[in-house]
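# Chain and residue survey
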Amino acid sequence: MEGRGFEYPTDSVSAPNARLYVTNKSRNYGERGVRITVLDLDSEFYGTFGTFGTSDGKLQSPSAIEATDDGRILVCDDYTHTVNLFDLEGKFLNRWGIYGRGEGELNGPSGLAVDSDNNVYISDTRNHRIQKFNIDGYHIATFGNQGKNNGQFDLPWGISMTPRNTLCIADWGNNRIQELTIDGDVLSVIHNESNPLYELKYPSGAVVDENGLIYISDWGNERVKIINDEGLMIQNLRGEGTISKWAGEFLNTNVEENDARQASNMDIELDFLDDNDPHSESAHIEKYFWSPVSIKLDKFNRVYVTETNRHRIQVYQQT
């Protein structure tokens, strides 16, 4: 719940220093666990920053995180409707953003992307739109409004830059992914109408690798779906989480909990579930994704899936 570990993580990003920065929202905006956890792929722990509070450098409900190429960390806070900037060591640099519905104002921002010019694209979730700012918070443009047509949104969530310098947006309430130019023009839409096999249900994020593969965190189905550049779904991942280094060390120290775990059936049959509900299934099977709220890529095309309800990140790489 504190220090090394996660509590209800909401997002993660691999920064230029090869460290992973993870936003923890904690429970009911609780004070104890709100923080940014810093680690690397070998589970080396580098500390925390951005703990709960209202003063500069403090966070209340961190919802999304991104890194710039020049070494700045940006964090959205969906409770204070702000963007907070830190350096790679966690030193506070700046805060901007104001609550409202007008252009340049925010309401529950929950997704971040940054282009090569350090322009910032925000999923302005409860305003059902995307907004573009410079790194200092100057408003540049607004894309979309609430609706179901192409270019409109219903509670947009994760947003990412693609290798072709476009925006990939998880249009959560419309069960689809939209690709936009950096000027807001719609290029393509991935939805169940185009291919019923996708079965997208409230996607939380999507990223595109250099080979044109699209990775979607399908939050409502507790899965990660991978679609190639021809529109074929080539993988439908359920999750295969293992014990992390940190969890292993905890269990080695807490012998009674480890003994109980060893005596448990960790891969039970789910015949007792009546409706094959993915959420209920994931709650009972530890290796499955459970609330995959974010999906990110690093420069080596490793895929990071952040799971809120499992308090963990599963990492994958195409073979």
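Here goes a summary of the coordinates provided. (Residues numbered from 1 in each chain as written. Predicted model: local features only at pLDDT ≥ 70, side-chain atom pairs only at ≥ 80, totals over all residues. Heavy atoms only, no water.)

Scanning the protein for helices and strands turns up three helices and 23 strands. On C-alpha atoms alone, the protein measures out to a radius of gyration of 19 Å, which is about the 20 Å that the 2.2 N^0.38 rule sets for 319 residues. Principal-axis analysis of the C-alpha atoms gives the protein an extent of 55 × 45 × 35 Å. Residues counted as buried form 56% of the 319 residues belonging to the protein. (Helix = DSSP H or I, 4+ residues; strand = E, 2+ residues; numbered from the N terminus. Rg over C-alpha atoms; globule rule 2.2 N^0.38 Å. Buried < 20%, exposed > 50% of the residue type's maximum accessible area, 1.4 Å probe, protein only.)

So, about the layout of surface pockets. Looking at the largest pocket, its volume works out to about 1,300 Å³. Surrounding the largest pocket, 33 residues form its lining, Ser-244, Trp-246, Ala-247, His-311 and Arg-312 being those nearest its centre. Listing elements by their share of the lining of the largest pocket, those giving two or more residues are strand 3 (35-39), helix 1 (245-253), helix 2 (255-262) and strand 23 (312-317). Considered class by class, the residues forming the lining of the largest pocket number 13 nonpolar, eight polar and 12 charged. Volume-wise, the second largest pocket comes out at about 1,000 Å³. (1 Å grid on protein atoms, 1.4 Å probe; cavity = no way out; pocket = protein on both sides within 12 Å on 5 of 7 lines; lining within 4 Å. Points joined across faces, edges and corners; volume = space filled by probe spheres on them. Nonpolar A, V, L, I, M, F, W, Y, C, P; charged D, E, K, R; others polar.)

Turning our attention to empty space enclosed by the protein. Tallied over the entire structure, the rule returns one cavity of 30 Å³ or more. Forming the walls of the largest cavity are 19 residues, and the residues nearest its centre are Asp-11, Gly-158, Ile-159, Ser-294 and Lys-296. The residue inventory of the lining of the largest cavity, partitioned by class, reads eight nonpolar, nine polar and two charged.

This paragraph deals with the sheet that holds strand 15 (residues 176-180). The sheet built from four strands is open, its strands ordered 13-14-15-16 with antiparallel pairing. Both edges of this open sheet fall to strand 13 (156-161) and strand 16 (186-191), since each of them pairs with a single strand only. Strand-to-strand twist in this sheet, taken as the mean axis angle between neighbours without regard to direction, amounts to 20°. Where strand 13 and strand 14 (residues 167-171) come together, four bridges link them in antiparallel fashion. Counted as the bridge partner of Pro-156 is Asp-171 from strand 14. (Pairing = 2+ DSSP bridges. Axes fitted to C-alpha atoms, helices over the stretch in contact; angles between N-to-C directions.)

The full count for this structure, using the stated rule, is zero disulfides. Here Cys-168 is not disulfide-linked; the sulfur of Cys-76 is the nearest cysteine sulfur, at 17 Å. Overall, Cys-168 belongs to the buried group, its relative accessible area being 4%. (Disulfide = S-S within 2.5 Å.)

Further remarks concern the pairing of strand 17 (residues 205-208). Here strand 17 shows a buried face lined by Gly-205 and Val-207 and a second buried face lined by Ala-206 and Val-208. The sheet contact formed by strand 17 and strand 18 (residues 214-218) spans four bridges and is antiparallel. Its bridge partner lying in strand 18, Val-207 is registered against Tyr-215. In textbook terms, the turn of a hairpin is the stretch between consecutive antiparallel strands, and for strand 17 and strand 18 this stretch comprises five residues, one of which, Gly-212, has a positive phi near 85°.

One key point about sheets: their strands pair by backbone hydrogen bonds, in either a parallel or an antiparallel sense. Overall, antiparallel pairing links the four strands, which are arranged 9-10-11-12 in an open sheet. In this open sheet, the two edge strands, each paired with only one partner strand, are strand 9 (109-114) and strand 12 (139-143). The mean inter-strand angle of the sheet, taken between neighbouring strand axes irrespective of direction, is 20°. When strand 11 (residues 129-133) meets strand 12, the two strands line up antiparallel, connected through four bridges.

Next up on the list: the environment of Thr-68. Within the element layout of this structure, Thr-68 appears in the loop between strand 5 (62-67) and strand 6 (72-77). Look at Thr-68 and you get buried, because its relative accessible area is 1%. With 45 residues separating them in the primary sequence, Thr-68 and Ala-113 have C-alpha atoms 9.2 Å apart. Other than its neighbours up to four places away in sequence, Thr-68 contacts Pro-16, Leu-74, Val-114, Asn-118 and Ile-135. At 2.4 Å, the side chain of Thr-68 forms a polar contact with the side chain of Asp-70. (Contact = heavy atoms within 4.5 Å. Polar contact = N/O pair within 3.5 Å; in protein donor to acceptor, adjacent residues only side chain to side chain.)

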